Amino acid sequence: MTDKFDLIVIGAGPAGYVAAIHAAQLGLKTACIDKSIGKDGQAAPGGTCLNVGCIPSKALLDSSKHYDHLQHTYAEHGISADNVSMNVATMIGRKDKIVKQLTGGISQLFKANKVTFFHGTATLEKDHRVTVNQISGDAIELEGKNILLASGSVSIEIPGIAFDGEYIIDNIGALDIDSVPKRLGVIGAGVIGLELGSVWSRLGSEVTIFEALPEFLGVADKDIAKLAAREFRKQKLDIKLNTMVKSAGVKGQQVEVTIDTKDGEQQLSFDRLLVAVGRKAFTEGLLAEDCGVKLSDRGQIEVDDNCLTSSANVYAIGDAVRGPMLAHKASEEGVAVVNRIAGKHGHLDFNTIPWVIYTEPEIAWVGKTEQQLEADGIEYKSGSFPFAANGRALAGGAPAGMVKLLADATTDELLGAHIIGANASELIAECVVTMEFHGSSEDLALIVHAHPTLSEAVHEAALNIHKHAIHRVN
Ligand code: FAD
Ligand code: AMP
């Protein structure tokens, strides 16, 4: 017998599980299928984000931050400790516990919201039928009025540099290293390379990051990227720009890496090599040949602005489709699709999706960078404020960084907000709200900000657009 649903969601990452819960809340009879298996052998809904992405990386970033501060910054508070050590197994165990708590939480939420969960691999067949090869061994068939594909992404492998899970690793391996490697090589100075490189550097690894491009963090605003490069170099992250990794291979217990620089080829040796050169849509086994869903040249599921695929009532969201590979983009895209299926309005403005890099200092931005505005020929005004002039940042020992705001020269509408500094990930939220409501820099400047808070730097940057900042010479 074929079970029938209003909506079948394939994949329970932040795209799929949020969409499934929202759909059930709106009264749709909803099924969600996911194949992930946790370290305990049980179903582990939550996708890359909860299992091997956002959450475990932040757990290790926090653990390593405490270790780093204990060694380098607590002394100025008068705190000293002898024989500080890091038990890597305890740190990894703590991370695993958090992951288990959260994936278990999703199973609970599915039950509470009456989402029917199937643990297995799903394939979309013709006519909205979905076959599920369950982990338990039985195969079943479902039928959906609507289908939502949320199959996510996997790491890109460089041809000839195959992951072996031990020496040449991706994020999955880098979140589970059992001892601090003396030398860690990282290919790619993107978000994942910088975050995971920071974790192991703080724990004592000599970290070298290879980046093929000549410019550091080209996606970020140029002033923020410049400051970030300076801060990371202070932390002894050795970032080699203009450096292409050509090949790598394991010899004994070392990874031999060949790099191509402007001075020619060079050989280097590492204890581990993290390959963090981006991610690609994952669709293996997802689509039967006659299901009617098309892929793009890049292997992403092709969708229109409403996330509709080339097949009627079949939608796709998250990392499997175009757009930024971010958990919150994936979730909000799912909510928008479900709203449309339920006859409501569904909306997602890509321009107001915040980006965050959880290094120290954190980096967060929303909207346009200065270089994008220049390229688009948009007249703008800029206002900035350094955390070194913010009382709370000084009291908290976090004077590095700044807030930079960009506003339309004529209308004063906020066009971009760029923050590097402590808690940038949280501070960016008020800029997102302002931009979502098409607010101006004057709006931000007129809002009362609590004192003393880091958010006063956002306030001052807004005031500085009109050269009215109080705590800096304008
Ligand atoms: P996924 O999370 O990849 O989920 C897809 C799920 O579908 C998986 O569980 C997969 O097993 C399952 N699946 C696929 N095919 C099938 C099938 N045929 N049948 C059944 N199940 C299937 N983003 C942020 O916003 N903030 C961060 O701090 C952040 N940190 C990150 C750190 C790292 C190290 C990495 C790797 C990523 C990070 N990301 C972060 C990105 C974020 O994880 C992704 O953007 C997000 O997980 C995408 O969600 P998704 O649901 O589209 O896909
Ligand atoms: P992201 O896509 O943000 O994760 O960043 C990945 C980074 O890896 C990009 O900045 C690429 O330029 C960089 N990259 C890709 N391939 C190589 C390579 N073979 N050697 C060095 N850097 C690379």
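Structural data are supplied above this passage.
> Whenever I open this one, the packing of helix α1 (residues 14–25) against helix α8 (residues 327–341) confuses me. Can you help?
The packing of two helices is summarised by the inter-axis angle and the distance between the axes. At a minimum axis distance of 8 Å, the contact between α1 and α8 shows a crossing angle of 35°. In the crossing of α1 with α8, the sense of the turn from one axis to the other is right-handed. Here Pro14, Ala15, Val18, Ala19, His22 and Ala23 of α1 come into contact with α8, specifically with Ala327, Ala330, Ser331, Gly334, Val335, Val338 and Asn339. Partitioning the contact of α1 with α8 into residue classes produces 9 nonpolar, 4 polar and no charged.

> Got a minute to help me understand the pattern of salt bridges in this structure?
Opposite charge on two side chains allows them to pair when their charged atoms are near. Taken as a whole, this structure holds 22 salt bridges when the rule is applied. Measuring nitrogen to oxygen at the nearest pair gives 2.4 Å for the salt bridge that ties Glu370 to Lys404. Residue Glu370 is located in helix α9 (residues 370–376), and its partner Lys404 is located in strand β20 (residues 402–408); the two are separated by 34 residues in the primary sequence. For the residue pair Glu370 and Lys404, the accessibility class agrees, reading buried in each case. Within the structure, one salt-bridge network assembled from shared partners comprises Lys39, Lys95, Asp96 and Asp176.

> What's the story with the pairing of strand β2 (residues 30–34) in this structure? I'm lost.
The two faces of the sheet receive side chains in turn, since in a regular strand these alternate between them. Burial analysis of β2 places 5 of its 5 residues in the buried class, which makes it a mostly covered element. Here β2 shows a buried face lined by Thr30, Cys32 and Asp34 and a second buried face lined by Ala31 and Ile33. Judged from the 4 bridges that link them, strand β1 (residues 3–10) and β2 form a sheet pairing that is parallel. Within β2, the residue paired with Ile8 across the bridge is Ala31. Looking at chain direction, β2 and strand β3 (residues 116–124) are connected through 4 bridges and run parallel. When the bridges of β3 are listed, Cys32 appears paired with Phe117.

> Sorry, what's going on with the sheet that holds strand β13 (residues 264–270) here?
Two strands in a sheet stick together by hydrogen bonds in their backbones, pointing the same way (parallel) or opposite ways (antiparallel). Here we have 3 strands laid out as an open sheet, ordered β11-β12-β13, and antiparallel in their pairing. Both outer strands of the open sheet, β11 (244–251) and β13, are each paired with one neighbouring strand and no more. Sheet twist, expressed as the mean angle between neighbouring strand axes with direction ignored, is 20°.

> So what exactly am I meant to see when it comes to the site of ligand 2 here?
Lining the immediate environment of ligand 2, one finds 15 residues, of which Gly188, Glu211, Ala212, Val245 and Val277 sit closest. For ligand 2, an oxygen atom lies 2.6 Å from a polar atom in the side chain of Glu211. Contact between ligand 2 and Ala212: a nitrogen atom at 3.0 Å from a main-chain N or O atom of the residue. Relative to its free-state accessible area of 510 Å², ligand 2 is covered by the protein chains to the extent of 72%. Residues belonging to the shell around ligand 2 are distributed by class as follows: 10 nonpolar, 4 polar and 1 charged.

> Hey, could you run me through the layout of surface pockets in this one?
Over the atoms, a rolled probe matching the size of one water molecule traces out where space is still vacant. In this model, the second largest pocket occupies a volume close to 1200 Å³. As for the second largest pocket, its lining consists of 38 residues, of which Asp68, His69, Gln235, Glu360 and Pro361 are closest to the centre. Elements that contribute at least two residues to the lining of the second largest pocket include exactly α3 (54–72), α6 (191–202), α7 (222–234) and α10 (391–395). Ranked by residue count, the leading element in the lining of the second largest pocket is α3, at 9 residues. Considering only residue class, the lining of the second largest pocket consists of 11 nonpolar, 16 polar and 11 charged.

Definitions and cut-offs
- Residues numbered from 1 in each chain as written.
- Chains lettered and ligands numbered in written order.
- Predicted model: local features only at pLDDT ≥ 70, side-chain atom pairs only at ≥ 80, totals over all residues.
- Heavy atoms only, no water.
- Axes fitted to C-alpha atoms, helices over the stretch in contact; angles between N-to-C directions.
- Helix = DSSP H or I, 4+ residues; strand = E, 2+ residues; numbered from the N terminus.
- Left-handed = near helix turned anticlockwise from the far one by under 90°.
- Contact = heavy atoms within 4.5 Å.
- Nonpolar A, V, L, I, M, F, W, Y, C, P; charged D, E, K, R; others polar.
- Salt bridge = Lys/Arg side-chain N within 4 Å of Asp/Glu carboxyl O.
- Buried < 20%, exposed > 50% of the residue type's maximum accessible area, 1.4 Å probe, protein only.
- Pairing = 2+ DSSP bridges.
- Near = heavy atom within 4 Å.
- Polar contact = N/O pair within 3.5 Å; in protein donor to acceptor, adjacent residues only side chain to side chain.
- Areas by Shrake-Rupley, 256 points an atom, 1.4 Å probe, with all protein chains shown as cover.
- 1 Å grid on protein atoms, 1.4 Å probe; cavity = no way out; pocket = protein on both sides within 12 Å on 5 of 7 lines; lining within 4 Å.
- Points joined across faces, edges and corners; volume = space filled by probe spheres on them.

What is shown is where atoms sit, not what they do.
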